[in-house]
Amino acid sequence: MFDWAYKKRLKDDLETWVANGWITSAGASAILKEQDQEDGRSRLPTVLAGIGLVCVALAIFAFIAANWEAIPKALKLIGIAVLIAASHGVAAHAARKGRKGLADLLTGFATLVFVGGMALVGQIFHLPSDWAGGAFLVSLGGLAAAWLTGSKSSLVVAAAAAITWQVTRSDLGAGTVIEGTIGLAFLAAIFAHAIVYPSRLSRWIAISLLWVTYGRWFAETAEFLESTTGTGDKTLLSMALAGIGGLAALSVVIDPLGDLFVKWSSDRPNRKHGHWLMTRSMQDAGFLVLCFLLVVALVVVPEFSSGLSIHGLLTWTAVLPLGLALLLTGAGLLLSYKTTKSAALFAAIGFSLIVIVVPIFTMNILLLSAGTLTALIGLCALATWYNNRFWALCAYLGLTAIALWLLQVTIGSLLGQSVFFLVAGFLLLGVALWLARLFRTGKGGTENATITQEVQS
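Residues numbered from 1 in each chain as written. Predicted model: local features only at pLDDT ≥ 70, side-chain atom pairs only at ≥ 80, totals over all residues. Heavy atoms only, no water.

A. Representation of a nonpolar patch on the surface. Residues W217, W316, V319, L320, L324 and L327 make up a contiguous nonpolar surface patch of about 600 Å² in total accessible area. Top element by residues in the nonpolar patch is helix α12 (residues 316-335). It accounts for five residues. The residue L320 is located in helix α12 in this model. (Patch = residues over 30% accessible without salt bridge, like charges linked within 9 Å, V, L, I, M, F, W, Y side chains within 5 Å. Areas by Shrake-Rupley, 256 points an atom, 1.4 Å probe, with all protein chains shown as cover. Salt bridge = Lys/Arg side-chain N within 4 Å of Asp/Glu carboxyl O. Helix = DSSP H or I, 4+ residues; strand = E, 2+ residues; numbered from the N terminus.)

Next up, the structure:
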């Protein structure tokens, strides 16, 4: 995302790696030379070609629309089929020649032609508009092209169509089990493709589909409860805090739990590169949502209600992600009893999740403020320990928002302000002393290597 920051950090890391003897000076020079030459120009032809193919597809459909009455129906259908087949044929030829980027673009072009062709077929036969049905067919076609050819551009089209289908497939409260099963199948197929054929855009659109799928489930549940029991905002806010917080925490802890499971089960193979990239992207998304929810739970929720209903925790949309998150966090703490760094991650995420659901049980502003401040400070320390700048950005933005809000709330009362700064000071001192003791003992930097050596031996 921030190439200049990555290159600066890479230079610092290479200097350390050469000093430790992990790589040679010649190897470090070669890496730096390649990074200096890689300024984005190598990707420019692919980007321009992609935009050009989209323009060509738009030009074709604009031409057909301009001559709609003059072109016979049969010719329209034959033309669409020939264009799709020809695009896939040229893509296959390019793939055989080793031009994978061109093959991917041509497959994506064929997918776009398929999408436009469906719209034209509806116009030809005067079919009633059905956005959900069209998105469903586009998702199926895009997934077929993506899996048969490994095309990442086709996957993006399929994922966008799946998101559209989830939003428009039926009225809230009228969803069926079959529709829910189809939605999960789309999610699994798109996630699997993003892992087998890694791409940053594929990963993030797959994660977006995950949250949209959960959002649809949440909306269905909320509509059902409102129509049957007259559920109010208090229950819905409880569901949102518990469910969204649980899903965010799950996204963060699944990866380190998998690492610990591999460490303690030496017969298990290491994960492939695609798995590693996907879980890292899920961690980033989950960490961002957790920091956002910490701010919402303290600043926004009390503005809407003086108290939340515990009945929101009893719905599947809340209890399932929350329960799984707490269970996996506890399992991670048990498995990381010899790995301080991992234990700190599970402790920080688990504590943040607990703080997010505290408003369901009490609206005591002092308790909420102290808990939220502690959680965000812990997340800041965690981001620093893991040297993750995106995590640090999220945590510091959340901490800044909370500090400004607390200052605004307490500025009118000197007594309240003194209590706030007293609690904040003790919390900061406690965290600083704990970290100083931890780093002084050296446990944080050596235990991971010790366990790895034990497993290998």
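Let's pick the thread back up.
B. Representation of the nonpolar core in the model. Formed by 53 residues in total, the largest nonpolar core has its most connected members in F287, I349, L379 and L382. The biggest single contributor to this core is helix α11 (residues 273-304), with 12 residues. Here L379 is in contact with F287, C291, L294, A348, I349, S352 and A395, once residues within four sequence places are set aside. One finds A146, A158, A159 and A162 within the second-largest nonpolar core, a separate group that totals 24 residues. (Core = buried A, V, L, I, M, F, W, Y, C linked by side-chain atoms within 4.5 Å. Buried < 20%, exposed > 50% of the residue type's maximum accessible area, 1.4 Å probe, protein only. Contact = heavy atoms within 4.5 Å.)

C. Spatial organisation of the state of the cysteines. The full count for this structure, using the stated rule, is zero disulfides. With no disulfide partner, C380 has as its closest neighbouring cysteine sulfur the one in C291, 7.5 Å distant. According to the relative accessible area criterion, C380 is buried, its value standing at 5%. The cysteine C394 is free of any disulfide, with C291 supplying the nearest cysteine sulfur at 5.4 Å. Classification of C394 as buried rests on a relative accessible area of 7%. (Disulfide = S-S within 2.5 Å.)

D. Layout of the side chain of R216. Mapped onto the elements of the fold, R216 is located in helix α9 (residues 200-229). Here R216 falls in the buried class, since its relative accessible area comes to 6%. At 3.5 Å, the side chain of R216 and the backbone oxygen of V167 are in polar contact. If near-sequence neighbours (up to four positions away) are discounted, R216 is found in contact with Q166, V167, R169, S170, D171 and L172. (Polar contact = N/O pair within 3.5 Å; in protein donor to acceptor, adjacent residues only side chain to side chain.)

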